[in-house]
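Descriptive analysis of the structure
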Amino acid sequence: MSGAARDPEELIRLDGLKVHFPIRGGLLDSIRRRPIGWVRAVDGIDLVIRRGEVMGLVGESGSGKTTTGRVIVKLTLPSAGRLFLDGEDVTALWKRSQLKQYRRRVQLIFQDPYETLDPKQTIHDFVAEPLVIQGDVSPVERERRVFEALDAAGLRPATDFAFRYPHELSGGQRQRVVIAGALVLDPKIVVADEPVSMLDVSIRTEILNLMLDLRRQRDLTYLFITHDLSVAWVIADRIAVMYLGKIMELGAANEVINDPRHPYTRALVSVMPSPEPPKPGKRARRVILAGETPDAAHIPTGCRFHPRCPLAEQAGIMARCQAEEPALLELGGGRSSACWLAESGKPLPAVERRVGATEAVDTPSA
């Protein structure tokens, strides 16, 4: 890492990461490998994940968060940029032997436990499979680690679950099996891609608590990918908010939620469900963004959020937002924001009741 002293707490670093997928116009273009355009799924992000922390990666569908996670577990080849693990540049590690060693340290929890598990495979065989692939563990040791992983994932006693098939388990139990499969190699970091989005709310709480317990017991680090900002707030130490392949805001979870410094983050926070109703006579103001996220193949010029931004016109900076794309500006205290309004270091101005196509809705108290 070119001369600069590395933070000993740094486990993962992404430098200028880009993932662009080609668009083919037809059969001839596919044969000639000639793209007619590019989907810029991840478009140049810098991110550090520290040892032992839970980093929440949040954004709408199409923001690039899952693609970022797939690069970290080396399921997707980056178009540009570098990936570091423990200070080692691992961007070019793609040989089979190298990937086997890499995946001892980096594992993935998939979103859908129903699709992840092979219906013809017992729970024991699913959890044991990473050890079989590694090929350097004795049968006795393999059995010990499989049952230990099942027990750690909350499937107790492990002997009651090991030789069942997926259809014999509930959704929450299946996700615990997937977690056990990620734990069995004793990784340093786990990329959890929407691990609770398919589960009932009551089961979500159990799985989130399990993940936090495992972090303490095994000194794990998580990249927790979710579209649900309220879930990220519960589990994450820091939150990075992504939009159209870029990080819009980064900071400690409580600070990002309680004092967002990017209009996109504030819009997401405003529609989070709250257990507490507004005070009598007060109204909760929700910022409802108009339209869907723009196509990653046709990203707007300038700030990519400006077509949906409720503040650009109101603050009189629309021309600048349309012409110049802000970098991720350091705000101090570990906070960053990719917004021209953040340059002053002041909180964002209030959203007027209606600005262009975006509406600020007053929700009456109960």
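Everything below is about the structure shown above.
The following refers to the structure shown. Predicted model, so just to flag it, every value in this text is computed and none were measured.

**Looking at helix α9 (residues 201-218)**
With 18 residues, α9 ought to run about 26 Å at 1.5 Å a step, and its terminal C-alpha atoms sit 26 Å apart, in line with that. Burial in α9 covers these residues: Ile-207, Leu-208, Leu-210, Met-211, Leu-212, Leu-214 and Arg-215.

**Side note on the pairing of strand β9 (residues 238-243)**
Across the six residues that make up β9, a large majority, six, are buried. Neither face of β9 is open: one carries Arg-238, Ala-240 and Met-242, the other Ile-239, Val-241 and Tyr-243, and all of them are buried. In terms of strand pairing, strand β3 (residues 54-58) meets β9 through four bridges, oriented parallel. Bridging from a neighbouring strand, Leu-57 pairs with Ala-240 of β9. Sheet topology places β9 next to strand β10 (residues 246-252); six bridges connect them, and they run antiparallel. Considered in β10, the bridge of Tyr-243 is made with Lys-246. Where β9 folds back onto β10 in an antiparallel hairpin, the turn is made up of two residues, including Leu-244, whose phi is positive at roughly 50°.

**A word on the sheet that holds strand β1 (residues 10-23)**
Strand order in this open sheet of four strands is β2-β1-β4-β5, and the pairing throughout is antiparallel. Each edge of the open sheet carries a strand with a single partner, namely β2 (37-50) and β5 (88-89). Where β1 and β2 come together, 11 bridges link them in antiparallel fashion. In the strand pairing of β2, Val-19 is matched with Val-42. Of the strands in this sheet, β1, β2 and β4 (80-85) are in contact with helix α2 (residues 65-72), which crosses β1 at around 115°.

Conventions we followed
- Residues numbered from 1 in each chain as written.
- Predicted model: local features only at pLDDT ≥ 70, side-chain atom pairs only at ≥ 80, totals over all residues.
- Heavy atoms only, no water.
- Helix = DSSP H or I, 4+ residues; strand = E, 2+ residues; numbered from the N terminus.
- Expected span 1.5 Å × (residues − 1).
- Buried < 20%, exposed > 50% of the residue type's maximum accessible area, 1.4 Å probe, protein only.
- Pairing = 2+ DSSP bridges.
- Contact = heavy atoms within 4.5 Å.
- Axes fitted to C-alpha atoms, helices over the stretch in contact; angles between N-to-C directions.

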